[in-house]
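Analysis of the macromolecular model
Chain by chain, the residues:
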Amino acid sequence: MTHPTLLITGARLADGRRTDLLLAGGRLADPASAPAGVETLDADGLLALPGLVDLHTHLREPGREDAETVRTGTLAAARGGYTAVLAMANTNPVTDTAEAAEHVAALGRRDGAAQVVPVGAVTKGLAGEQLAELGLMARSSAAVRVFSDDGSCVHDSRLMRRALEYVRAFDGVVAQHAQDPRLAGPDACCHEGEVSGRLGLGGWPAVAESTVVARDVQLARLTRSRLHVCHVSTAETVEVLRWAKAQGIAVTAEVTPHHLLLTTDAVLGYDPVFKVNPPLRPDEHVQALRQGLADGTIDAVGTDHAPHARHDKEHAFADAAFGMLGLETALGVLVETMVEPGLLSWSDLVERMSATPARIAGLAEQGRPLAVGEPANLVLVDPTRRTIVDPADSFSLSRNNPYAGRELPDPVEATFWQGRPTFRR
Amino acid sequence: MKRHLLSAADLSVDEVASILDLAEEMSAVQSRPVKKLPALRGRTVVNLFFEDSTRTRSSFELAGKWLSADVINISAKGSSVSKGESLRDTVLTVAAMGVDALVIRHMASGAPLQASQWVDAHVVNAGDGTHEHPTQALLDAYAMRRHFRAADPGFSWADKTVAVVGDLTHSRVARSNVLLLRTLGARVVLVAPPTLLPSGVDSWPAEVCTDLDPVVESADVLMMLRVQRERMSGGYFPTPREYTVGYGLTRDRLARMKPGAAIAHPGPMNRGLEISADAADSAASLVLDQVASGVAVRMSVLYHLLGGSDEDAAAGPSKGTTA
């Protein structure tokens, strides 16, 4: 495969330094060594950041290719500035064997506009009863390191303990979808509070998340294993994480863009586009999540990009599928909620959206600084560019975009993965 | 009046009065040998019921027929999800037949509101999940108004206290009644064990009490809600016996009610659980009046939405503003 040579001139790095970047052979080379007549991209006024890494993507392939494919999902990722995505295991078949993981990785190599990293299921069929073949997935050519039953919680305490213990052998991490199914059961579809009571929607109480996290961080301490908490949505969970980190427990956590911006009020019209799990929370939670991400209590952003075919969303609210799109709008939402208000610097943003997620997932070639010799995975950003979000203007096959009609930053100008452009405006 | 009746909160105090007044007239027609009025001749009303309900459905059916509308009933029981058809497809399919009003009952909260965004027809919420049941609240108000007027034709809602007792968390009747009674100006007291109080109930326009006994003596109406069978096993309270002792309208509580106070129940009643036989059959019970007023109130609602101005009729089916 050829790696084009490209000289990007006059870009600013996250720390403000101005630099030229030479992309050659899929890596960054010394700009002084650029051959005469090299293709040049004028990046004056643009920021150059390491390619973003999403810890939490649903690509839907195999199984629901009408909602998304590896191709369309990674094109959406590239448009959002991502060069790697972790593909959640809740496909059909579930990624719970070495063969299934290798299949997803192969689809990524064939069709991916970004690196596709399979996440393995913790339990067989995501059923929460019996460990999946964690070790075989880790030893496979897909080299799975992140395991998650996302969509369901590993609720059984003993099973969770065993999973944490077992993955320590190969430096794996268990990414927990924290939802006590007794406190937030199948009917739970709206944050339990004034709105759920008024609308008559099944309540999803904040404590159904935080009590599971409180248990899990103590299991992580007991087992000396790595725990990752998916899509933190409540102030209570932020408190638990803050405590756990103060104890030195090896826990990391992610927050979704939508939980940083949208609030429970969005469901007042019963529009299933805003039905997501965990649910949108009231503003006090949103503020706590922003604060947690700013001070590092929450380590990373994970989009929970969840494409759904239109007909799976056009049901009554209680019957519609959970989830919303996120890859293409994530950086814009983060600029809006964190960078512009001064909660995160651009360097901090790179930590939360690229370097730290890559470290959590164990990806050596992602989240690296933009320096000579490093992989040429990068995104060019125009921090001033804004747009009115149009769901039709998307690489995703699905249209469940919760920001439709909202004005947001739309900063991605170009994305390069292994030196090749995967998105150019 | 708004184009649809989705929530009791859609109605102003004048609109409620207008609906109840017309229901009085409709009720008078019901005692005639020939009950049919020509008001909605040529109009089509579809009862689209995703959830079984013999009483509400037949009440809407009679209401439409007595106004000379063409009425059809469609039972779409079972979730559309399991049939593979989306709610939107089901609703659009029905609406495409040229329907003037869709009366929708659904086991999921919000379904009639969603439907109203997809079709031109007027939508009436005939009960959605644990959200609302506005025509039930209207007929409750109708029965209560009759009761109060019988004692004092010039009564004021502001002087009346209505206690709504029981499973408030899961009751669409309670939500609609709270909203409608607020519009009318009555004092509302909600009584339930804390496990059956909805989240955020403190922000509702009502007082909240977890003890029935002090309320029994001050209420002008005790509205007893049905305890659903699944709540009994859901851990909301330990046993039916304990529920009755705490929150049932027992013979003892019946004896302590304010003179002239009434008992309401949206039915079907669990005799011996939330309401004793003595209470259900007492002279103070409005239960049969509630049922009897159902058709007249729904006739009035359909007429308010569909009948009316020549302009509306001239605009043809599925178009135009409401009277």
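Residues numbered from 1 in each chain as written. Chains lettered and ligands numbered in written order. Predicted model: local features only at pLDDT ≥ 70, side-chain atom pairs only at ≥ 80, totals over all residues.

Under an unreviewed UniProt entry, the name given to chain B is Aspartate carbamoyltransferase, and the source organism is Auraticoccus cholistanensis. According to UniProt, the comment filed for chain B under the heading Function (unreviewed entry) is "Catalyzes the condensation of carbamoyl phosphate and aspartate to form carbamoyl aspartate and inorganic phosphate, the committed step in the de novo pyrimidine nucleotide biosynthesis pathway." According to its UniProt record, chain B has this under Subunit (unreviewed entry): "Heterododecamer (2C3:3R2) of six catalytic PyrB chains organized as two trimers (C3), and six regulatory PyrI chains organized as three dimers (R2)." (UniProt positions renumbered as here; feature names shortened; annotations may be inferred.)

Looking at an unreviewed UniProt entry, one finds chain A named Dihydroorotase, with Auraticoccus cholistanensis as its source organism. According to its UniProt record, chain A has this under Catalytic activity (unreviewed entry): "(S)-dihydroorotate + H2O = N-carbamoyl-L-aspartate + H(+)". If you open the UniProt record of chain A and go to Sequence similarities (unreviewed entry), you find "Belongs to the metallo-dependent hydrolases superfamily. DHOase family. Class I DHOase subfamily."

Turning to the packing of helix H11 (residues 330–339) of chain A against helix H12 (residues 346–361) of chain A, a few remarks are in order. Residues and elements named next belong to chain A. In the contact formed by H11 and H12, the axes pass within 12 Å of each other and the chain directions differ by 130 degrees. Here H11 is positioned oblique relative to H12, judged by the angle of their axes. Here the hand of the crossing between H11 and H12 comes out right-handed. Contacts between H11 and H12 involve Leu334, Met338 and Val339 from the former and Trp346, Leu349 and Met353 from the latter. When grouped by side-chain class, the residues that make up the contact of H11 with H12 number 6 nonpolar, no polar and no charged. (Axes fitted to C-alpha atoms, helices over the stretch in contact; angles between N-to-C directions. Helix = DSSP H or I, 4+ residues; strand = E, 2+ residues; numbered from the N terminus. Parallel < 35°, antiparallel > 145°, perpendicular 65-115°, else oblique. Left-handed = near helix turned anticlockwise from the far one by under 90°. Contact = placed C-beta atoms within 7 Å. Nonpolar A, V, L, I, M, F, W, Y, C, P; charged D, E, K, R; others polar.)

Right, let's talk about the UniProt feature "active site" (unreviewed entry) in chain A for a bit. All names here are of chain A. According to UniProt, the "active site" (unreviewed entry) feature falls on Asp304. Mapping Asp304 onto the fold places it in the loop between strand E15 (300–301) and helix H10 (310–313). A tally of 31 C-beta atoms within 10 Å means that Asp304 is categorised as buried. In contact with Asp304, not counting residues within four places along its chain, are His56, His231, Thr256 and Gly326. (Buried ≥ 20, exposed ≤ 12 C-beta atoms within 10 Å, placed from the backbone.)

Let's shift gears to the confidence of the model for chain B. Residue and element names in this part refer to chain B. The predicted model of chain B has a mean per-residue pLDDT of 92, with 93% of residues at 70 or higher. This stretch, residues 309–323, has a pLDDT under 50; its non-local contacts, to residues over four places away or in other chains, come to 22 contacts. Model confidence for the complex is summarised by a pTM of 0.94, with the ipTM given as 0.91. (pLDDT = per-residue confidence, 0-100.)

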